[in-house]
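What follows is the residue order along each chain.
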Amino acid sequence: MSGEGWLRVPIGPGSRRWRTVGTSRNVLAVARTVTSASRLLDVLPLFRSDPRVQVLFTVAAGSAFDDGVGDYLRDVEARVVSWAQAVDTPFDLAVSASANGELHRLKAPLLLVPHGAGHNRLLAATSDITGDATGAVSGLARRQLVHDGRIVPAAIALSHHEQLTRLAVECPEAVPLAVVTGDPCFDRILANAARRDRYRRSLGAGDRRLVLISSTWGPNSLLGANSDLVARLTGELPFDEYQVVLAAHPNIRYGHGGLQLRLWLADALDAGLVLLPPQQGWQAALLAADVVVGDHGSVTFYGAALGRPTLLASSGREAEELDPASPTAALSRALPRLDPRRDLLGQIETIMDTYRPGAYDEVTGRTLGMSGQAGTLLRRVAYRLMDLEPGPDPAATALPDPLGERGEVLSFLVETEVRDGTVALRRFPAVGEPGERVRDPHLVVDAEELDRRLLESAAIIVRGDAADGWAAETLRRYPGCFMAAEVIGARRVRLALRDGRRFEVTATAGERGDPDPRCLPSAVYGWLANGNGPLTTVRVGEREATVRLA
């Protein structure tokens, strides 16, 4: 059994007879939410390739966001012990990424590791503990670290010496137990930097700029303050130039439900958004990103630390949740803000063009100390607490490919500009009201589009293959349609116009590869409307192709 009842193996009465590997140390990883479980999985490689150590998980109840933890631990095939058995059983080490819960009941030396990028949030904004928590910093607060006059953790891992100063204010008696180890999560991200192109392929970015939207949880978060911003960004950024990815804090999904989150994001998903799963993917997406739009959460902090151009899109009241002395509060004060009332594309382009590398290193460096050493330093602490000699430091582990949920974009508003035989076009997902974001557009709709209103309004209807009689039937069925297009190859389309003209368009790829063949009908449409000479070239984003019209 996992998490229900009492285990008989690898711990429990008579467990020795059931074991295969005769370990000498048992480690208990204490999860509270999916977020804390994920952070623990960043730490567990400390015990890689050590047959002396058995790791088990337990779930400390009490969080408002504990839904999903059991499923997550089952997915990673962790051995889970019930809380009742966990507090009844001696362990050689317990590790927790949250200072909340009844950790004082554990019969093990406790190692506390950070929940996110350092310790930044005020306890009143994060904790289920009732009572006055004014000014107390989550993870450093005396009320979390001390129980009945006894300091609960045996060691407190901090990511930077800066946190020692704040710990001395919050809980001075705990300072001797604090160890500055660096940040294992950020070290792992840095170790995977060479896999950036791999992660971009996994997210479908290609040669497009990748915009990573990050939202923490709560009313001051990006999603809490600007619930339509994700849909607006996916709709207002040119589809062939930008890929938008969302990393939503697990507390959003498990607080409101994954189904509800997808319902809220339906327009954005229809416009091509990639929605990352709650357990993982955001680390790899940060490496793949060209720009980050976020808030006061850890993902945004890590993005700025990686040197990604970053815009803040929180409520403006996030200071209510943050320790004013924390680096995250300082970063929130320093980052430029995205103004949802202004042109979003222009703001994205401006931050990418004007960003100065290293602009926030001084701030982020006050959280992310001991770069590249977190694994070694944490391993020393853990093995000291277990009274065990550590072996060689394990190598960094690969981040998994980010596999997100995405919708299929079937309809586009297309703007064209014709100059000297070249048609430059931009496609925008036909979701929501176009407003002023698209100039003099025409509507291109896939034949498989389910929204009949779009089909009835389309200037061009495109089919992904050829079929006898389809073009004529489409023009008959939709009298507003100017052109029916059939894709007959990776670089060829066949066009039937309402006035009876027929064309076949063939493209020859440029240096950056083929544009989507579904762009070719729009190029012809723009050329027929505004061209004064032969059509020679189509430009879509960074891709350009020579075309021949027959």
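Up top you'll find the structure we're talking about.
The sections below set out a description of the structure shown in this document. (Residues numbered from 1 in each chain as written. Predicted model: local features only at pLDDT ≥ 70, side-chain atom pairs only at ≥ 80, totals over all residues. Heavy atoms only, no water.)

### Topic: the side chain of S522
Step number 1: The residue S522 is located in helix 22 (residues 520-530) in this model.
Step number 2: In terms of polar contacts, S522 uses its side chain to reach the side chain of H442, at 2.9 Å. (Helix = DSSP H or I, 4+ residues; strand = E, 2+ residues; numbered from the N terminus. Polar contact = N/O pair within 3.5 Å; in protein donor to acceptor, adjacent residues only side chain to side chain.)

### Concerning the pattern of salt bridges
Step number 1: Scanning the model with the defined rule gives 34 salt bridges in all.
Step number 2: D516 is paired through a salt bridge with R427; the nearest N and O atoms lie 3.2 Å apart. Linking D516 in the loop between strand 21 (502-509) and helix 22 with R427 in strand 16 (residues 422-429), this pair joins segments that are 89 residues apart in sequence.
Step number 3: Assessed through its relative accessible area of 28%, D516 is described here as partly exposed.
Step number 4: Within the structure, one salt-bridge network assembled from shared partners comprises E162, R166 and D323. (Salt bridge = Lys/Arg side-chain N within 4 Å of Asp/Glu carboxyl O. Buried < 20%, exposed > 50% of the residue type's maximum accessible area, 1.4 Å probe, protein only.)

### Considering the layout of surface pockets
A water-sized probe rolled over the atoms picks out the places where empty space is left.
Step number 1: Empty space within the largest pocket amounts to approximately 990 Å³.
Step number 2: Every residue lining the largest pocket is counted, 50 residues in all, and those nearest its centre are T35, H115, G116, H249 and S298.
Step number 3: Of all the elements in the fold, those that place two or more residues in the lining of the largest pocket are helix 1 (34-43), strand 7 (155-158), strand 9 (209-215), strand 10 (242-248), helix 11 (250-256) and helix 15 (298-305).
Step number 4: With five residues, helix 1 is the single largest residue contributor to the lining of the largest pocket.
Step number 5: In the lining of the largest pocket, the residues fall into 20 nonpolar, 25 polar and five charged.
Step number 6: Taken as a whole, the second largest pocket spans an internal volume of roughly 420 Å³.
Step number 7: Along its surface, the second largest pocket is lined by 21 residues, and E415, T416, E417, V418 and A424 are the ones closest to its centre.
Step number 8: Among the residues forming the lining of the second largest pocket, the class breakdown is seven nonpolar, six polar and eight charged. (1 Å grid on protein atoms, 1.4 Å probe; cavity = no way out; pocket = protein on both sides within 12 Å on 5 of 7 lines; lining within 4 Å. Points joined across faces, edges and corners; volume = space filled by probe spheres on them. Nonpolar A, V, L, I, M, F, W, Y, C, P; charged D, E, K, R; others polar.)

Coordinates in, geometry out; function isn't part of it.
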